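Coordinate inspection notes
Here are the chains, one letter per residue:
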Amino acid sequence: MRQSKLIGYSKPLNKIANPRAGLDSIYLYGSNNLYPYYVKNAILGSPTASIAHRAHKNNIAKGVNIKDFVINRRKDTLLSSLNDSASVDTSMFGGFYIHLNYEWDVSKEKFIPVNPTILPFEDCRINKEDDAGNFSKVFVDNFLDAKRGMFNPDKVDWYYKYNPDSSVILKQIKKDADKKGIDLSTDEGKKEALRGFRGQVRFCNSTSEFPYPTSIADSVLGDSLSEYFISRYTYGQTVNGFM
């Protein structure tokens, strides 16, 4: 496996966590699958990096012209809040994941996306690409709690890759309903299947070089962590001095 050495840690280009699982394999995000957690801790722990991140996030958010309204009825989330959340992840990581459910529009006779939610970027991983070069699932888990290199797709929440085609959505709904034993021959069964549909996730990646984006702060992560530890040391020395 070819690797690039950066700032004291190795970052694989496209390493698979569990290759024997076929298309349920996932791409590791960093050599130990913890790169995004490292990025988040480094940025938020550094006064300089966190201020730069906040300014960058604001610039990204302002680039979208928004007429505000409640876009997620379940959580009473405004479109502006959704935009802010996506901008935070884009600034910090270089992308974001947005989950969508669907409702059936009787008048237009098609599925319409509803209740979008920004997923925690650091907890999301995509599955192995098929022969056509496409991934099909997004797994969501707290990988800080997982053992190094271990991943069990049967014990992790996952969602379908975003595809607005009605025939694809219907096929996915039927697949989920079949697993749950839902009878689709009745109107109530069809409603239950739509309510129980796991939904889709759109992965917005600012680059296409690797399976996951590289943070814009990648080259200064070591400096950010150093600033954090120096701050902790100074604080500790000050407290001990007063003691």
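Before going into details, it helps to say that this report is about the structure given with it.

Reading guide: rules and limits
- Residues numbered from 1 in each chain as written.
- Predicted model: local features only at pLDDT ≥ 70, side-chain atom pairs only at ≥ 80, totals over all residues.
- Heavy atoms only, no water.
- Helix = DSSP H or I, 4+ residues; strand = E, 2+ residues; numbered from the N terminus.
- Buried < 20%, exposed > 50% of the residue type's maximum accessible area, 1.4 Å probe, protein only.
- Contact = heavy atoms within 4.5 Å.
- Areas by Shrake-Rupley, 256 points an atom, 1.4 Å probe, with all protein chains shown as cover.
- Phe/Tyr/Trp six-rings, centres within 6.5 Å; stacked < 30°, edge-to-face > 60°.
- Lys NZ or Arg CZ within 6 Å of the ring centre and 35° of its normal.
- Pairing = 2+ DSSP bridges.
- Polar contact = N/O pair within 3.5 Å; in protein donor to acceptor, adjacent residues only side chain to side chain.
- 1 Å grid on protein atoms, 1.4 Å probe; cavity = no way out; pocket = protein on both sides within 12 Å on 5 of 7 lines; lining within 4 Å.
- Points joined across faces, edges and corners; volume = space filled by probe spheres on them.
- Nonpolar A, V, L, I, M, F, W, Y, C, P; charged D, E, K, R; others polar.
- Expected span 1.5 Å × (residues − 1).
- Arc of directions from axis to C-beta.

1. A word on the overall build of the protein chain
A count of helices and strands for the protein chain gives 6 helices and 10 strands. Counting every position in the protein chain, which comprises 243 residues, the buried fraction comes to 39%. Considering only contacts within the protein chain whose residues lie at least 6 apart along the sequence, 58% involve residues at least 24 apart. When the accessible surface of the protein chain is split by element, carbon and sulfur atoms take 52% of a total near 14,500 Å².

2. Points about the packing of aromatic side chains
Counted under the stated rule, the structure contains 12 aromatic pairs. Summarising the aromatic geometry, the rings of Tyr-29 and Tyr-35 are spaced 5.4 Å apart at their centres and angled 40° between planes, so their arrangement reads as tilted. The class of Tyr-29 is buried, set by a relative accessible area of 4%. The exposure class assigned to Tyr-35 is buried, which follows from its relative accessible area of 4%. Their ring planes at 20° and their centres at 4.4 Å tell us that Tyr-29 and Tyr-212 sit as a pair that is stacked. Of this pair, Tyr-29 sits in the loop between strand 2 (9-12) and helix 1 (35-45) while Tyr-212 is found in the loop between strand 10 (200-205) and helix 6 (221-242), placing the two residues 183 residues apart along the sequence. Across this residue pair, the class does not change: Tyr-29 and Tyr-212 are buried. Here a set of aromatic residues connected by ring pairs shows up, and it is made of Tyr-29, Tyr-35, Phe-93, Tyr-97, Phe-121, Phe-135, Phe-203 and Tyr-212. Over the ring of Phe-135 we find Lys-161; its NZ or CZ atom is 4.6 Å from the centre of that ring.

3. Brief notes about the pairing of strand 6 (residues 110-119)
Taken across its 10 residues, strand 6 has 7 buried, putting it largely inside the fold. Bridge analysis of strand 5 (residues 95-105) against strand 6 gives 8 bridges, and the strand direction is antiparallel. Pairing of Asn-101 across the sheet is with Val-114, part of strand 6. Linking strand 5 to strand 6, which pair antiparallel, is a turn of 4 residues; within it Glu-109 sits at a positive phi near 55°.

4. A short note on unusual backbone geometry
Although it is not a glycine, Asn-33 adopts a positive phi angle of roughly 70°. With respect to the helices and strands, the residue Asn-33 is situated in the loop between strand 2 and helix 1. A residue is classified by how much of its surface remains accessible, and Asn-33, at 7% relative accessible area, is buried. For Asp-76, which is not glycine, the phi dihedral falls at a positive 55°. If you trace the backbone, Asp-76 turns up in the loop between strand 3 (70-72) and strand 4 (77-78). Here Asp-76 falls in the exposed class, since its relative accessible area comes to 57%.

5. Thoughts on the side chain of Asn-127
Looking at the secondary structure, you find Asn-127 in the loop between strand 7 (124-126) and strand 8 (137-140). On the basis of relative accessibility, which here comes to 0%, the residue Asn-127 falls in the buried class. There is a polar contact of 2.7 Å between the side chain of Asn-127 and the backbone oxygen of Leu-23. Of the polar contacts made by the side chain of Asn-127, one reaches the backbone nitrogen of Lys-137; its length is 2.9 Å.

6. With respect to the layout of surface pockets
As a volume, the largest pocket reaches approximately 420 Å³. In terms of lining, the largest pocket is formed by 19 residues, of which the most central are Trp-104, Phe-111, Lys-190, Lys-191 and Leu-194. With 6 residues, the top contributor of residues to the lining of the largest pocket is helix 5 (residues 187-195). Split into classes, the residues belonging to the lining of the largest pocket amount to 10 nonpolar, 2 polar and 7 charged. Within this model, the second largest pocket holds a volume of roughly 250 Å³. Looking at the second largest pocket, the residues that line it are Phe-135, Ser-136, Lys-137, Tyr-160, Lys-161, Tyr-162, Asn-163, Val-168, Lys-171, Gln-172 and Lys-175.

7. Some words on helix 4 (residues 166-180)
In an α-helix, one full turn covers 3.6 residues, which means residues spaced three or four apart are oriented alike. With 15 residues, helix 4 should cover 21 Å at 1.5 Å per step; its first-to-last C-alpha distance of 21 Å lies within 8% of that length. Of all the residues in helix 4, the buried ones are Ile-169, Gln-172, Ile-173, Asp-176 and Ala-177. Viewed along the axis of helix 4, the buried residues span an arc of 135°, placing them on a single side of the element. The exposed residues of helix 4 that point more than 90 degrees off its buried face are Ser-167, Lys-171, Asp-178 and Lys-179. On its buried face, helix 4 sits against strand 5, strand 6, strand 9 (157-161), helix 5 and strand 10. Count one or two residues on from helix 4 and you reach Gly-181, which has phi positive near 70°.

That's the geometry; what it means functionally is another story.
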